[in-house]
Amino acid sequence: MMTDDVANVAQPSGPNGGPALLWTEGLERDFGGVKAVGGVSIAMHEGRITGLIGPNGAGKSTTLAMLAGTTPPSAGRIFFDGREVTHLRAFERAQMGLIRTFQLSSEFKQLTVLENLVVAVPGNPGDSLAGALFRRSRFKKFEREALDYAGELLERFRLTQYADTYAGALSGGQRRLVEIMRALMARPRMLLLDEPMAGVHPRLAIEIGEHLLNLKQEGLSIVMVEHELRIVDRFCDPVIVLAEGKVLSQGTMTELRGRQDVVDAYLIG
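Thresholds applied
Residues numbered from 1 in each chain as written. Predicted model: local features only at pLDDT ≥ 70, side-chain atom pairs only at ≥ 80, totals over all residues. Heavy atoms only, no water. Helix = DSSP H or I, 4+ residues; strand = E, 2+ residues; numbered from the N terminus. Buried < 20%, exposed > 50% of the residue type's maximum accessible area, 1.4 Å probe, protein only. Contact = heavy atoms within 4.5 Å. Core = buried A, V, L, I, M, F, W, Y, C linked by side-chain atoms within 4.5 Å. Axes fitted to C-alpha atoms, helices over the stretch in contact; angles between N-to-C directions. Parallel < 35°, antiparallel > 145°, perpendicular 65-115°, else oblique. Left-handed = near helix turned anticlockwise from the far one by under 90°. Nonpolar A, V, L, I, M, F, W, Y, C, P; charged D, E, K, R; others polar. Pairing = 2+ DSSP bridges. Expected span 1.5 Å × (residues − 1). Polar contact = N/O pair within 3.5 Å; in protein donor to acceptor, adjacent residues only side chain to side chain. Phe/Tyr/Trp six-rings, centres within 6.5 Å; stacked < 30°, edge-to-face > 60°. Lys NZ or Arg CZ within 6 Å of the ring centre and 35° of its normal.

(A) Structural detail: the overall build of the chain. Counting its regular elements, the chain contains 10 helices and 11 strands. When burial is assessed residue by residue, the chain has 49% of its 269 residues classed as buried. Within the chain, contacts between residues at least 6 apart in sequence are counted, and of these 67% link residues at least 24 apart.

(B) Structural detail: the nonpolar core. Residues Leu 184, Leu 191, Leu 212 and Met 224 are the most contacted members of the largest nonpolar core, which totals 46 residues. Discounting residues that sit within four places of it in the chain, Leu 212 has contacts with Ile 49, Ile 180, Leu 193, Met 197, Ile 222 and Met 224. Grouped together as the second largest cluster of nonpolar side chains are 24 residues, Met 44, Leu 98, Met 190 and Ile 240 included.

(C) Geometry of the packing of helix H6 (residues 172-184) against helix H7 (residues 202-217). Two numbers describe how H6 lies on H7: the axes approach to 10 Å, and their chain directions differ by 15°. The orientation of H6 with respect to H7, classified from their angle, is roughly parallel. Pair H6 / H7 crosses with right-handed handedness. Of the residues in H7, those touching H6 at Gly 173, Gln 174, Arg 176, Leu 177, Ile 180 and Leu 184 are Leu 204, Glu 207, Ile 208, His 211, Leu 212 and Leu 215. Here the contact of H6 with H7 is built from residues that sort into seven nonpolar, three polar and two charged.

(D) Structural context of the sheet that holds strand S11 (residues 246-251). One open sheet accounts for six strands, arranged S7-S8-S9-S4-S10-S11; its pairing is mixed. Edge positions in the open sheet fall to strand S7 (98-100) and S11, since each of these has one partner strand only. Geometrically, the sheet is characterised by an average inter-axis angle of 20° between neighbouring strands, direction not taken into account. With four bridges joining them, strand S4 (residues 49-53) and strand S9 (residues 221-225) adopt parallel strand pairing. Following the sheet pairing, Thr 50 is matched in S9 by Val 223. Against the sheet, helix H1 (residues 60-68) contacts S4, S7, strand S8 (190-194), S9 and strand S10 (239-243), and its axis sits at roughly 150° relative to S8. Against the sheet, H6 contacts S7 and S8, and its axis sits at roughly 155° relative to S8.

(E) Looking closely at H6. Counted at 1.5 Å a residue, the expected span for H6 with its 13 residues is 18 Å, and the 19 Å between its end C-alpha atoms agrees. A large share of H6 lies buried, amounting to 11 of its 13 residues. Within H6, burial applies to Gly 173, Gln 174, Arg 176, Leu 177, Val 178, Glu 179, Ile 180, Met 181, Arg 182, Ala 183 and Leu 184.

(F) Structural context of the environment of Phe 108. Structurally, the position occupied by Phe 108 is in the loop between S7 and helix H3 (113-118). Separated by 59 residues in sequence, Phe 108 and Ala 167 have C-alpha atoms that sit 6.6 Å apart.

(G) Inspection of unusual backbone geometry at higher detail. Look at the link from Asp 237 to Pro 238: it is a cis peptide, with omega at 10°. Phi at Asp 81 takes a positive value of approximately 55°, unusual for a residue other than glycine. Counting through the fold element by element, Asp 81 comes out in the loop between strand S5 (75-80) and strand S6 (83-84). When its relative accessible area of 40% is taken as the criterion, Asp 81 is described as partly exposed. Phi is positive for Arg 187, which is not a glycine, with a value near 50°. Residue placement: Arg 187 occurs in the loop between H6 and S8.

(H) Up close: the environment of Asp 237. Tracing the backbone through its elements, the reader meets Asp 237 in the loop between helix H8 (229-235) and S10. What makes Asp 237 partly exposed here is its relative accessible area of 36%. As a C-alpha pair, Asp 237 and Gly 51 span 186 residues in sequence and 6.8 Å in three-dimensional space. If we skip the residues at most four places from it in the chain, Asp 237 touches Arg 48, Ile 49 and Thr 252.

(I) The arrangement of the side chain of Arg 48 in detail. Assignment of secondary structure puts Arg 48 in the loop between strand S3 (43-45) and S4. For Arg 48, a relative accessible area of 17% translates into the label buried. Polar side-chain contacts of Arg 48 include one of 3.3 Å to the backbone oxygen of Asp 237.

(J) Representation of the packing of aromatic side chains. Counting across every chain of the model gives one aromatic pair. With a centroid separation of 4.9 Å and an interplanar angle of 15°, the aromatic rings of Trp 23 and Phe 79 are classed as stacked. Of this pair, Trp 23 sits in strand S1 (residues 20-31) while Phe 79 sits in strand S5, and the two are 56 residues apart along the sequence. The class of Trp 23 is buried, set by a relative accessible area of 1%. The buried category is assigned to Phe 79, whose relative accessible area is 0%. For Arg 187, the ring lying beneath its charged end belongs to Tyr 149, and the centroid distance is 3.7 Å.

Have a look at this one:
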């Protein structure tokens, strides 16, 4: 159950003096006695694309899953927008504006791109029989607004021509864009992305990154797990480095490349 505003907890300050939007204190996760994440305390701030990097097995995806609520922590606390969300389920965090995408695309392959977007909108009055039968005007208004916003996203991401294409027929990069658009249909405050460029053609990966930069400039906060350092270099600031389930360092990529411990753990080659 959600706590009241956590005025008694020191809220980390951001790069420009503002408060953190999402942060953790001593986050841990054990799997059968194996500690995947051990005591991670990190802060992600508004209006930034925060990169989360590290070698294989560093605990990046597990940390992201705990932030999203899809994996419960073994210990530690998670806060979002000044409230503790440690024990909230993923859909409850999503209702607060904390939305996650997954490393493997999870679009509905047998639905069209447009249908994939519209079904992702929360609070559909047609989800219940009573809502569909007795609140038709409200349902029609909801449906119209959802279609309008989906159309705006399709145009923005240059996928309008694929609106009526089955999602399963798209390329890997296009499916990534659909997944991001689906998350945006819920109008999040912070987007958690798990390797959004994985398996994507380099040209389209840059295009996705440019879309993310534009979203950031419009006020969306983003946390991105990514293993391609050229992508992190170009789009993320700040960057948090995990190694063996713990925070090794954080800063800009330029700063991190100057740290021998980071180079030894991850950046060599």
